[in-house]
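Coordinate analysis (summary)
Spelled out, the chains give:
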Amino acid sequence: MARILKNYPEVALNPADLDGRIDFANLFGRSSSVHIEIGCGRGSFLIGQAQAEPNVNFIGIEWASRYYRYSLDRIGRWGLSNVKLIRTDAAKFITDFIAAHSVDCFHIYFPDPWPKRHHHKRRFFNPANAEQLLRCLKPNGVIQLATDHANYFEQMQRVIAGFGERLEEIEFVCAAAAENGEKVGTNFERKYIKDKRGVHAIAVKNSTVKF
Ligand SMILES: C[S@@+](CC[C@H](N)C(=O)[O-])C[C@H]1O[C@@H](n2cnc3c(N)ncnc32)[C@H](O)[C@@H]1O
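Now for a quick tour of the structure.

Here we look at helix 5 (residues 127–136)
- N129, A130, Q132, L133, L134 and C136 are the residues of helix 5 that are buried.
- At the N-terminal end of helix 5, a side-chain oxygen is found 3.2 Å from the backbone nitrogen of A128, two or three residues along, and the residue is N126.

Shown next, in the form of C-alpha cells:
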C-alpha cells in the first residue's frame, strides 16, 4: 500500500514566499552554521546529518516533486527542526535568494550525470553554477561533491581547476550516516555500490581571503 505523505509547513520553504536574499537567522530562529544540499532526493543525507549535527541549520533543495514530497514527509516525521526543504531549481534559487558569504557548506551528492555529450551542458556543476556557489560561501566554506560517473567527475575536477587558487582541495568528510565503504550513504550511492560502480568524491574550500 502506498504511504500517505503528509505536508509539514514548518519544514517546507515556499518559493512564492521568498522576497530577496534569505536571512538564515530569521528563517531558523537562531544564528548557526548553514549547510545546503543540492538535489537531496529522498532526504537520507539530510536526515542522518541533521540528527548528527543538531547545531547546524540545513536546507535541502529538490526539483522533482515526488522526491520533494517524500523527503518532506520523512523530515517532518523525524521532527527535525534544523532542516528546511524547498522544491525549486537549485541554480535559480541560489542565484536569487542566497546572500554572499552566508553558507558554510554545499553538499552535492550524485547529481544527475546527463551522460550524453550533447546533454553535458545540463549538468549542475558547471563553471557558472560553481561561481555562484563560491559567491555564497563564507571564507573557508566548503563544497562537497560525490558521483559514480567518471566523466562527470572529470568535469568536476576541471571546473574546480578553473578557479585556480580560489578553491583549494581538502579532505572529503564522509557523512554521519555513511556505513562501511560509503561516502554519504544516500539511496543513490547504495544502489551504485550494489551495481559495483565506483564512487568518486572531492571536497574543496573557498580559499579567497579578500572579498
Ligand atoms: C541522481 S539523484 C541523487 C539524489 C540524492 N542526492 C542521492 O544521492 O540519493 C539527483 C537529484 O537531484 C535533483 N535535481 C536535479 N537537478 C536539480 C536542480 N536543478 N535543482 C534541484 N534538484 C535537482 C533530481 O530531481 C534528483 O532527485
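Concerning the site of the ligand
- Taken together, 16 residues surround the ligand, and among them G39, E62, D89, Y109 and T186 come closest.
- At a separation of 2.7 Å, a nitrogen atom of the ligand approaches a polar side-chain atom of D89.
- Within the backbone of F188, a nitrogen or oxygen atom sits 3.2 Å from an oxygen atom of the ligand.
- Relative to its unbound accessible area of 590 Å², the ligand is 88% covered by the protein chains.
- In this structure, the ligand is accommodated by the largest pocket.
- For the shell around the ligand, the class distribution of residues is seven nonpolar, five polar and four charged.

Some points on the sheet that holds strand 6 (residues 137–147)
- With mixed pairing, the eight strands of this open sheet are ordered in space as 1-4-3-2-5-6-8-7. Across the chains shown, the open sheet's two edge strands, defined by having one partner strand only, are strand 1 (12–13) and strand 7 (167–170).
- Pairing of strand 2 (residues 34–38) with strand 5 (residues 103–109), which is carried by four bridges, proceeds in the parallel orientation. Pairing of I36 across the sheet is with F106, part of strand 5.
- Its contacts with the sheet put helix 2 (residues 44–52) on strand 2, strand 3 (57–62), strand 4 (83–87) and strand 5, and the angle it makes with strand 3 is roughly 180°.
- Along the sheet, helix 4 (residues 90–97) makes contact with strand 2, strand 3, strand 4 and strand 5, crossing strand 3 at roughly 135°.

Some remarks on the packing of helix 2 against helix 3 (residues 65–78)
- In the contact formed by helix 2 and helix 3, the axes pass within 10 Å of each other and the chain directions differ by 20°. The orientation of helix 2 relative to helix 3 falls into the category roughly parallel. The interaxial crossing formed by helix 2 with helix 3 has right-handed handedness. Of the residues in helix 3, those in contact with S44, L46, I47 and Q51 of helix 2 are R74, I75 and W78.
- Grouping the constituent residues of the contact of helix 2 with helix 3 by class yields four nonpolar, two polar and one charged.

Quick notes on the nonpolar core
- Counting residues in hydrophobic clusters, the biggest one holds 38 residues, and the most contacted among them are I36, I38, I94, F106 and F125.
- When residues no more than four places from it in sequence are discounted, the contact partners of F106 are I36, I38, I94, L133, C136, L137, V142, I143 and Q144.

Examining the environment of E189
- In this structure, E189 sits in helix 7 (residues 187–194).
- Judged by its relative accessible area of 0%, E189 is buried.
- Spatially, the C-alpha atom of E189 lies 23 Å from that of A130, the residues being 59 residues apart in sequence.
- Once residues lying within four places of it in the same chain are set aside, the contact partners of E189 are F110, E182, K183, V184 and V199.

Digging into the packing of aromatic side chains
- In total, this model carries five aromatic pairs according to the counting rule given.
- Centre to centre, the rings of Y109 and F172 are 6.2 Å apart; their planes meet at 70°, and the pair counts as edge-to-face. Residue Y109 is found in strand 5, and its partner F172 is found in the loop between strand 7 and helix 7; the two are separated by 63 residues along the sequence. In this pair, the class of Y109 matches that of F172, namely buried.
- Between the aromatic rings of F188 and Y192, the centroid separation amounts to 5.9 Å while the plane-to-plane angle is 55°, which identifies the pairing as tilted. Of this pair, F188 and Y192 both sit in helix 7, four residues apart, roughly one helical turn.
- The partly exposed category is assigned to F188, whose relative accessible area is 34%.

A few points about helix 2
- Most of helix 2 is tucked away: seven of the nine residues are buried.
- Those residues of helix 2 lying buried are S44, F45, L46, I47, G48, Q49 and A50.
- Looking at the buried residues of helix 2, the elements they touch are strand 2, strand 3, helix 3, strand 4, strand 5 and helix 7.

What counts, and at which threshold
Residues numbered from 1 in each chain as written. Predicted model: local features only at pLDDT ≥ 70, side-chain atom pairs only at ≥ 80, totals over all residues. Heavy atoms only, no water. Buried < 20%, exposed > 50% of the residue type's maximum accessible area, 1.4 Å probe, protein only. Helix = DSSP H or I, 4+ residues; strand = E, 2+ residues; numbered from the N terminus. Polar contact = N/O pair within 3.5 Å; in protein donor to acceptor, adjacent residues only side chain to side chain. Near = heavy atom within 4 Å. Areas by Shrake-Rupley, 256 points an atom, 1.4 Å probe, with all protein chains shown as cover. 1 Å grid on protein atoms, 1.4 Å probe; cavity = no way out; pocket = protein on both sides within 12 Å on 5 of 7 lines; lining within 4 Å. Sits in = over half its atoms within 2 Å of the grid points. Nonpolar A, V, L, I, M, F, W, Y, C, P; charged D, E, K, R; others polar. Pairing = 2+ DSSP bridges. Contact = heavy atoms within 4.5 Å. Axes fitted to C-alpha atoms, helices over the stretch in contact; angles between N-to-C directions. Parallel < 35°, antiparallel > 145°, perpendicular 65-115°, else oblique. Left-handed = near helix turned anticlockwise from the far one by under 90°. Core = buried A, V, L, I, M, F, W, Y, C linked by side-chain atoms within 4.5 Å. Phe/Tyr/Trp six-rings, centres within 6.5 Å; stacked < 30°, edge-to-face > 60°.

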